[in-house]
Structures are given as C-alpha cells and as structure tokens.
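Commentary on secondary and tertiary structure
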Amino acid sequence: MEQSNITRKSQAEIVPHPPSVVHLVAESGDFWPEVHKALQELSGLTVSVSIGQMAQEDVSRVQCFLVAAETEAGALTFLQSLRGHLNWGLLPVILVMPFVPKNIESPYYDALLISPFSTYQLKKALGEQSVILARCRRFDPLGEAFDEQAQREIQVLRFLYSRDLAEVTPQRDIESPVGYSIPWVEAFVSGDRGSSVRMMNRYAHEGLLLTDLVDQVNLCPQCGDYRLNIREVCPVCGSPDIVKEKTIQHFPCGHVAPESAFVEQESYVCPKCRKPLKHIGVDYAKPGEVVVCGHCGEVSAEPETNCLSLVCGLVVAPAALH
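This paragraph deals with the packing of helix 5 (residues 148-163) against helix 7 (residues 195-205). Contact geometry of helix 5 with helix 7 gives a least axis separation of 12 Å together with a crossing angle of 70°. Between helix 5 and helix 7, the angle is such that the two are roughly perpendicular. From helix 5, Glu153, Ile154, Val156, Leu157 and Leu160 reach across to helix 7, where they touch Met199, Met200, Arg202 and Tyr203. Looking at the contact of helix 5 with helix 7, its residues break down into seven nonpolar, no polar and two charged.

Put into structure tokens, the structure is as follows:
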C-alpha cells in the first residue's frame, strides 16, 4: 500500500465575517470561568456554555467553538466529538489550555490560546476564524442524497478546502492495520485506525488529491493488515524449521552432503565410503552451503521466502502482497 503526503491546490479567498455566536465547551473545574469571563468582555458576542459535556443539539446558531481544558485527555475527547459531529465538524474551534499540548494535532483545532491570555489575543483568535467561517458558509447542505458515511467523507474534503490545508502527513502507527493513521481525519469519519489513510489514498487515486510517495507498506491480500512475518522456509514442504549448513565434498569418492551427515563423535567420516576425513584441502573441502529441513529432512540449495499474516494466518508469496 502506498503511503503519501496529501496536497491540494489553494482556493480563492472569500470576504470574511467574524463569528458572533460562540459556544464554550469546557471541563468542569476552576479553569473555564477565566475563559468564560474573557468571552463576556468582548462586545457584540453571544456566548453559551456547556460544562463537563458536549453541547446540546439545540445549539444551532453557533459559529465558533471554544474548548477549554486543563488536561490533554479532556481536550481530545471534546475535539474528537466536535469533529465527528455532522453539523458542527466544520466550524472553527479554538483550543484554550494552560500549556501547549504535546499529543494533539493542530488540525483538531484552528487556533490555540495558552492561559493566561489577554482580551486582545482572544479577539484576534476569533477574528482569524472569519475566513474559515466564510468558506464554510458556501457549502450547500448535503441532505438525504448521501448516506451518513458519504457525508462524513465529503466533510473531510470540505475541511481541507475551508482550512486551505496544503499538506496532510500521516503518522506512523503500529496499532493501525496499514501502519499509518491520520487521527483527526478518523474523528471526522468515525472510522477505525487506518481508515483515514485508506480513504485519503482512494481520493488520491480518484484524482481529488495530489500525493507525494513517502513509503510503501506491504499488506496481506486477505485481511489488509501490515503485520506480516516474512520468513525463509523449506521449498519442499514449506516448514520454517530449516537450518543452513556447510557442505562437505569428499575427494576420494566424490560424495557431497551437509556437514552434519559427516559428523561422528568428534571427527568426520564419509557416510558413503566410510573413510575418515583428516585434512581439509587434501581429502575434503567445504565448497558451499545448503538448507536442511528439520521437518521433512530434504536438502535444498536455497530456502524459499513466504509471508505469514499474523492476523488472519494466510501464507502467500511476497509477490502476492499489495
């Protein structure tokens, strides 16, 4: 599976109008009142609040969300819920925290305020969301012509356009079946780990996005998972129980066999003519290496390579991977 950075062309700018209706979503505690107070000090702003939970469905006029959280876990829970909401997922989101988050990607939020902050900084952050809001206003309602999953996938494209995101870089993720994920995209589509990468690659193959190949991930053709054990096996029976051995060639009788076939106690004895081997280069040589199977006993010149899926158990040749 190809892993790519996703890029798209910039769109024309739209005349912005700052958001005037803001909803504050906050963890319960002592932090959110400071944010709420700062919002109330801004004139011409309608403010509503949800504490300890997501906003209710009747918050229909909201144009921008503020997420106030003292912990990254709390912030991420709210951000994932917002981005996964079909009605609110595209709206601008300002994250307010007492420290810079280490494990939350910026596409989850559109602006970051670190407490303590000034009224000017808050007003500036709100004003910067006007371009996003203007672009979102151009989108027509999706309606019943699209099922929920289709709507969610279209939301991702609309998000890319409204934020003018020039590049989306998947991150390595050992928990993802495809080895990579884009967490904030998965919040939009409410999909499993890796579903975001599959979707974005599909968009690229359909010509909706441009890509820059950065990695090639081998996937099982049956279960589509990257967790494969690539191993050398016996070419006769397919067993991985093989060992590589030096070969011995006995000059007098010409017999060639694995070294283990010549070993008797602490010396070499030819298994064919029963003569002892004493001097390498005089009565015997070690010309090469062979593979000996511990399961079927066959001796082969080279091992075979196959791939075992650690998820579904399928065994295939490397050429069958995609």
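A few words now on the pattern of salt bridges. Here the structure, examined in full by the defined rule, presents ten salt bridges. When salt bridges that share partners are traced, they join Arg83, Asp110 and Arg163 into one network.

Mapped onto the fold, Pro258 is located in strand 13 (residues 256-258). Separated by twelve residues in sequence, Pro258 and Lys246 place their C-alpha atoms 6.0 Å apart. Beyond its immediate sequence surroundings of up to four residues, Pro258 is in contact with Glu245, Lys246, Thr247, Val290, Val292 and Val299.

Bringing the nonpolar core into the picture now. Ranked by internal contacts, the top residues of the largest apolar core, which has 42 residues, are Phe65, Leu79, Trp184 and Met200. Examining the composition of this core, we find that five residues originate from one element, helix 6 (residues 183-189), more than from any other. Counting 20 residues, the second largest nonpolar core, distinct from the first, contains Phe31, Leu45, Phe117 and Leu126.

Now for the confidence of the model for the protein chain. With 93% of its residues at a pLDDT of 70 or more, the protein chain has an overall mean of 89. Here strand 1 (residues 2-7) stands out as the element of the protein chain with the lowest mean pLDDT, 56, in contrast to strand 5 (residues 93-97), whose mean of 97 is the highest. Of the regions scoring below 50 in pLDDT, residues 8-14 engages in 17 contacts with residues more than four places distant in sequence or in other chains.

Next up on the list: the sheet that holds strand 20 (residues 304-309). One open sheet holds the three strands; their spatial order is 11-20-21, and the pairing between them is antiparallel. Edge positions in the sheet fall to strand 11 (228-233) and strand 21 (315-316), since each has one partner strand and no second. Where strand 11 and strand 20 come together, six bridges link them in antiparallel fashion. What sits directly across from Asn229, in strand 20, is Leu308.

Reading the values: rules and limits
- Residues numbered from 1 in each chain as written.
- Predicted model: local features only at pLDDT ≥ 70, side-chain atom pairs only at ≥ 80, totals over all residues.
- Heavy atoms only, no water.
- Axes fitted to C-alpha atoms, helices over the stretch in contact; angles between N-to-C directions.
- Helix = DSSP H or I, 4+ residues; strand = E, 2+ residues; numbered from the N terminus.
- Parallel < 35°, antiparallel > 145°, perpendicular 65-115°, else oblique.
- Contact = heavy atoms within 4.5 Å.
- Nonpolar A, V, L, I, M, F, W, Y, C, P; charged D, E, K, R; others polar.
- Salt bridge = Lys/Arg side-chain N within 4 Å of Asp/Glu carboxyl O.
- Core = buried A, V, L, I, M, F, W, Y, C linked by side-chain atoms within 4.5 Å.
- Buried < 20%, exposed > 50% of the residue type's maximum accessible area, 1.4 Å probe, protein only.
- pLDDT = per-residue confidence, 0-100.
- Pairing = 2+ DSSP bridges.

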